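# Examination of the molecular architecture
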Amino acid sequence: MKAILVTKDEDKYGAELGEVNESDLPEGDVTVQVDYSTLNYKDSLAITGASPVVRKFPMVPGIDLAGTVDDSSHAEFKAGDRVVLNGWGVGEGHWGGYAQKARLKGDWLIPLPETFSTKQAMAIGTAGYTAMLCVLGLEKNGVTPDQGEIVVTGAAGGVGSVAISLLAKLGYTVIASTGRANEADYLKGLGASDIIDRNELSEKGRPLGKERWAGAVDAVGSHTLANICATTKYGGVVTACGLAQGFDFPATVMPFILRGVTLAGIDSVMCPKPRRIEAWNRLAADLNLDHIEAMTSEISLADVVATAPKQLEGQTRGRIVVDVNA
Ligand SMILES: NC(=O)c1ccc[n+]([C@@H]2O[C@H](COP(=O)([O-])OP(=O)(O)OC[C@H]3O[C@@H](n4cnc5c(N)ncnc54)[C@H](OP(=O)(O)O)[C@@H]3O)[C@@H](O)[C@H]2O)c1
């Protein structure tokens, strides 16, 4: 079957489309016939080797997949069940979604909600499920639409696009921070009320600034996250999930000790199963499928290696679905 393989020999790192046998698949109690995978920021890091995401070689990357169970000795799954997988180190330490089949631990799988096709599930992917985890993070910390605006950074990317759509549908007023002014119509179409230039947030700022937002979904990190915390209203909540600007956090404690701001960390990879199921069920209830369609482009397995560097350079928009059988 077709698969992308990442290899590392001495210092030479490479990724290319090739073939693997089903007998080469790693151990697991469920084998899945994969319909679609996706290209997330982390997948692009794995493909290019820009960060040490891959921990074992050769590796079939792809942190997400959706498909149908082929064979299972796991109590919860049987042949024919539609499933979705996000994270758990798949595509990093265990062969992942960029192959026509995957063998996995059944404990990692989520039954795919009826509402979604396998393609829609991958249009959501880890980026969309993480956006939902961020929304849950705001809700669980008490942020309601009447408290004020929510800023979303990395707005035209995958996490950002889904977060805007979800928040707007739930009644929040969303401010989209982007480096791409030409995507203003796209972002307003997803529900953003206003657009700000990401340069307003990306430089070293003051420990505290004028109070602007009741909450935030930050996919960017670094000075942007620090500035957002410094400009969050009294009692507001900042959910931090990404590092597109950088993994540093050059901030002070001032927003936390003088304004009671909460910084809520969001991790999708090792997130416990009940929280994942909650997130997928909320996506099924709250996500506008027309928006998902509008924010998604499709590529074949053969296109993945060439698309990854473009994603890291911020040239791709929204979500990218990978048809592993094309
Ligand atoms: N915590 C988790 O479990 C988790 C899960 C999923 C993703 N993530 C992280 O979340 C981030 C976003 O993931 P994604 O899949 O949405 O990636 P993506 O589609 O590539 O979007 C990233 C966006 O960040 C913005 N950006 C890029 N470079 C930037 C820079 N130097 N400074 C400021 N903004 C920049 C761009 O948006 P604009 O063009 O609109 O400015 C870009 O579209 C990544 O860091 C990823 O690793 C974490």
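Numbering of residues starts from 1 in every chain and runs along the sequence as written. Residue-level local features of this predicted model are given only where pLDDT is at least 70; pairs of side-chain atoms are given and counted only at 80 or more, and the full residue set underlies all totals for whole chains, interfaces and linings. Side-chain calculation: all heavy atoms of the structure are included, whereas hydrogens and water are not.

## Some thoughts on the layout of surface pockets
Here a cavity denotes a set of grid points, spaced 1 Å apart and computed over the protein atoms alone, in which a 1.4 Å probe fits but from which it cannot get out, and a pocket denotes an open set meeting protein on both sides within 12 Å along at least five of seven lines; residues with an atom within 4 Å of a point are reported as lining. Grid points are joined across faces, edges and corners, and a volume is the space filled by probe spheres set on the points. Considering only enclosed or pocket space, the second largest pocket measures out at about 160 Å³ in volume. Every residue lining the second largest pocket is listed: K119, Q120, A123, L289, I292, E293, T296, S297, E298 and V321. Split into classes, the residues belonging to the lining of the second largest pocket amount to four nonpolar, three polar and three charged. Nonpolar residues are Ala, Val, Leu, Ile, Met, Phe, Trp, Tyr, Cys and Pro. Charged residues are Asp, Glu, Lys and Arg, and all others, Gly as well, are polar.

## Looking at the domain arrangement of the chain
Split by domain assignment, the chain resolves into domain 1 (2–112 + 295–323) and domain 2 (126–265). Annotation comment: domain bounds sourced from an automatic or database domain assignment. Taking only C-alpha atoms into account, the centre of domain 1 sits 29 Å from that of domain 2. On the domain 2 side, the residues contacting the 13 residues of domain 1 number 15 residues. Carbon and sulfur atoms supply 56% of the area buried between domain 1 and domain 2, which totals about 1,000 Å² over both sides. Whenever a carboxyl oxygen of Asp or Glu lies within 4 Å of a side-chain nitrogen of Lys or Arg, that contact is scored as a salt bridge. Our count for the contact surface shared by domain 1 and domain 2 stands at one salt bridge. A salt bridge links E183 to R317; the shortest N-O distance between them is 2.9 Å. Two N or O atoms form a polar contact when they lie within 3.5 Å of each other; inside protein one atom must be a possible hydrogen donor and the other a possible acceptor, and for residues adjacent in sequence the pair counts only when both atoms belong to side chains. On the surface where domain 1 and domain 2 come into contact, there are seven residue pairs in polar contact (both at pLDDT 80 or more). When grouped by side-chain class, the residues that make up the side of domain 1 that touches domain 2 number three nonpolar, seven polar and three charged. The criterion used for residue contact is that any of the two residues' heavy atoms lie within 4.5 Å. A simple way to read buried area is as the amount of 1.4 Å-probe accessible surface that goes missing from two parts once joined, with both sides added.

## Brief notes about the site of the ligand
Neighbouring the ligand are 25 residues; V159, T178, R180, C241 and S268 lie closest to it. Interatomic distance of 2.6 Å between a side-chain N/O atom of T178 and an oxygen atom of the ligand. Note on areas: Shrake-Rupley, 1.4 Å probe, and residue coverage restricted to the protein chains presented here. In the complex, the protein chains occlude 88% of the 920 Å² of accessible area that the ligand would expose alone. Segments assigned H or I by DSSP are reported as helices when at least four residues long, segments assigned E as strands when at least two residues long, and all are numbered from the N terminus. With three residues, the top contributor of residues to the shell around the ligand is helix α2 (residues 118–140). Partitioned by chemical class, the residues of the shell around the ligand number 11 nonpolar, 11 polar and three charged. Being near a molecule or strand, for a residue, comes down to having at least one heavy atom within 4 Å of it.

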